[in-house]
Amino acid sequence: MSAGPISRNGQKPTLGVVAISYNEERDLPGFLDHLLPWVDEIVLVDDGSTDGTVGIARRAGKTVKFVRSPRSSGEYFSHQRNKGIDAAESDWLLHMDVDERVSPELSTEILHAIASPGRDAYRFRRMNYFMHRPMRGGGWQDWNLVHLARRKVLRFGGMFHESCLVEVSASRIGQLRERMIHFNEEDFMKRLRKSDLYLEEIVKDVERRRPRVRPIDLIVDPFADFVKKLLYRKGFLDGVPGLIWAIHGATARFRAVAWVWDAQNKISRDELETDLRDRWKTSGQGLER
């Protein structure tokens, strides 16, 4: 680990990084390269990768602890992150995604921050990229979570977008100034595939907000989501990518509302089969061969 600040008791706190992975051969080399020179350990909890992820991680050396642990039924990303916490040994843990990068400025700030005895955790913001462009609006700018904390004070909950469960008072949580770089997916097709993965989470939100979906909700909810991202959250600042993001969010909301409407008004295949059989019987022709 590179030279950093010393804590008041004369001992330098150790820093680990925890990330979860699945088929990350595209992003993993860059992720590891910019962390290995200055962190004490990297814990990678893998969901059963079938590409070159395992080999890349194991060739990175002893700093990388590779935990192969495919999710079982009912497990979400939060469970994977908690497995990483359990496997880590460092005093402080920085929780990252494999497509995130730490700038030199942020690394310096982190090393100074963890030496402070007055804090147990820190929030930081992201510079999010969409379609390989930094996004200033659309809701991307709102992310500001506790992803740097002492190992024993942070757990994760939730489904796909994990929530931070911090076991310290607000006065013990600091705010970092520098932003984490978040490249996100390689192209828009991968964003669409990721959207399918997150759809279940949006559906649960619709079910909570709409105990009974009305036909008008199929129009109003997606339109409201579009307006919120493009205007209220200033997606227009990002030009065409901001417009695409707003439309993408609206279509995801439409699919979730349609999903809930279908579940609430479901007609089973058995009903259709029974109805058709009754029509054959009524016709007098029968179904016998």
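Residues numbered from 1 in each chain as written. Predicted model: local features only at pLDDT ≥ 70, side-chain atom pairs only at ≥ 80, totals over all residues. Heavy atoms only, no water.

### Some thoughts on the overall build of the chain
No. 1: For the chain, the helix and strand inventory stands at 8 helices and 11 strands.
No. 2: Taking 19 Å as the expected radius of gyration for a compact globule of 289 residues, we find that the chain reaches 24 Å, considerably beyond that expectation.
No. 3: The buried share of the chain, reckoned over its 289 residues, is 44%.
No. 4: Restricting the contact set of the chain to residue pairs at least 6 apart, pairs at least 24 apart contribute 73%.
No. 5: For the chain, the accessible area works out to roughly 15900 Å², and carbon and sulfur atoms hold 53% of it.
No. 6: Taken as two groups, the 47 positive and 42 negative side-chain charges of the chain have centres that lie 3 Å from each other. (Helix = DSSP H or I, 4+ residues; strand = E, 2+ residues; numbered from the N terminus. Rg over C-alpha atoms; globule rule 2.2 N^0.38 Å. Buried < 20%, exposed > 50% of the residue type's maximum accessible area, 1.4 Å probe, protein only. Contact = heavy atoms within 4.5 Å. Areas by Shrake-Rupley, 256 points an atom, 1.4 Å probe, with all protein chains shown as cover. Lys, Arg positive; Asp, Glu negative; His and termini not counted. Charge placed at Lys NZ, Arg CZ, Asp CG, Glu CD.)

### Quick look at the nonpolar core
No. 1: L15, F31, L35, L94, I110 and L148 are the most contacted members of the largest nonpolar core, which totals 32 residues.
No. 2: For this core, the leading source of residues is helix α4 (residues 104–113), giving 4 residues.
No. 3: Each residue touching I110, except ones within four places of it in the same chain, is listed here: L15, W38, L94, L148 and L176.
No. 4: Core analysis: the next-biggest nonpolar cluster, separate from the first, contains 18 residues, A121, A149, L154 and V168 among them. (Core = buried A, V, L, I, M, F, W, Y, C linked by side-chain atoms within 4.5 Å.)

### A look at the packing of aromatic side chains
No. 1: In total, this model carries 7 aromatic pairs according to the counting rule given.
No. 2: The rings of F130, W140, F188 and W245 are connected pair by pair, giving a single aromatic cluster.
No. 3: A cation over a ring is seen here: R81 above F156, with NZ or CZ 5.9 Å from the ring centre.
No. 4: Sitting over the ring of W143, R126 keeps its end group 4.1 Å from the ring centre. (Phe/Tyr/Trp six-rings, centres within 6.5 Å; stacked < 30°, edge-to-face > 60°. Lys NZ or Arg CZ within 6 Å of the ring centre and 35° of its normal.)

### With respect to the side chain of H182
No. 1: Looking at the element boundaries, H182 is found in strand β11 (residues 173–182).
No. 2: H182 gets classed as buried once you look at its relative accessible area, which sits at 5%.
No. 3: In terms of polar contacts, H182 uses its side chain to reach the side chain of N128, at 2.8 Å.
No. 4: Those residues in contact with H182 that sit more than four places away from it in its chain are D97, D99, E100, R126, M127, N128 and Y129. (Polar contact = N/O pair within 3.5 Å; in protein donor to acceptor, adjacent residues only side chain to side chain.)

### Quick word on the side chain of R101
No. 1: Secondary-structure assignment places R101 in strand β5 (residues 100–101).
No. 2: Owing to a relative accessible area of 12%, R101 belongs among the buried residues under this scheme.
No. 3: Every residue in contact with R101, bar those within four places of it in the chain, is listed here: D27, G30, F31, H34, M96, M180, I181 and F183.

### What about the packing of helix α6 (residues 217–232) against helix α7 (residues 239–264)?
No. 1: Between α6 and α7, whose axes approach to 8 Å, the crossing angle comes to 155 degrees. Accordingly, the angle class assigned to the pair α6 and α7 is roughly antiparallel. Of the two possible hands of crossing, α6 and α7 adopt the one that is right-handed. Contacts between α6 and α7 involve D217, L218, D221, P222, D225, F226, K229 and L230 from the former and G242, L243, W245, A246, I247, G249, A250, R253, F254, V257 and A258 from the latter.
No. 2: A breakdown of the residues in the contact of α6 with α7 according to their chemical character gives 12 nonpolar, 2 polar and 5 charged. (Axes fitted to C-alpha atoms, helices over the stretch in contact; angles between N-to-C directions. Parallel < 35°, antiparallel > 145°, perpendicular 65-115°, else oblique. Left-handed = near helix turned anticlockwise from the far one by under 90°. Nonpolar A, V, L, I, M, F, W, Y, C, P; charged D, E, K, R; others polar.)

### Some details on the environment of R136
No. 1: For R136, the position within the fold is in the loop between β7 (133–134) and β8 (144–150).
No. 2: Along the chain, R136 and G235 lie 99 residues apart, while their C-alpha atoms are 7.4 Å from each other.
No. 3: Setting aside its immediate chain neighbours within four residues, R136 contacts Q141, L237 and D238.
No. 4: Separated by 2.3 Å, the side chain of R136 and the backbone oxygen of L237 make a polar contact.

### Some points on the pairing of β11
No. 1: With 2 bridges joining them, β5 and β11 adopt antiparallel strand pairing. What sits directly across from R101, in β11, is I181.
No. 2: In this structure, strand β6 (residues 121–130) lies alongside β11, joined through 7 bridges in parallel fashion. Looking across to β11, one finds that A121 is bridged to I173. (Pairing = 2+ DSSP bridges.)

### Some remarks on the pairing of strand β1 (residues 15–21)
Successive side chains on a regular strand alternate, one facing one side of the sheet and the next facing the other.
No. 1: Burial runs high along β1: 7 of the 7 residues are buried.
No. 2: Covered by surrounding structure in β1 are L15, V17, A19 and S21 together with G16, V18 and I20, the residues of both alternating faces.
No. 3: When β1 meets strand β4 (residues 92–95), the two strands line up parallel, connected through 4 bridges. Bridge pairing in β4 links V17 to L94.
No. 4: Pairing of β1 with strand β2 (residues 41–46), which is carried by 6 bridges, proceeds in the parallel orientation. Counterpart to V18 in the pairing with β2 is V43.
No. 5: Read from β1 through helix α1 (residues 28–33) to β2, the crossover connection turns out right-handed. (Right-handed = clockwise from strand over helix to strand, strands pointing away.)

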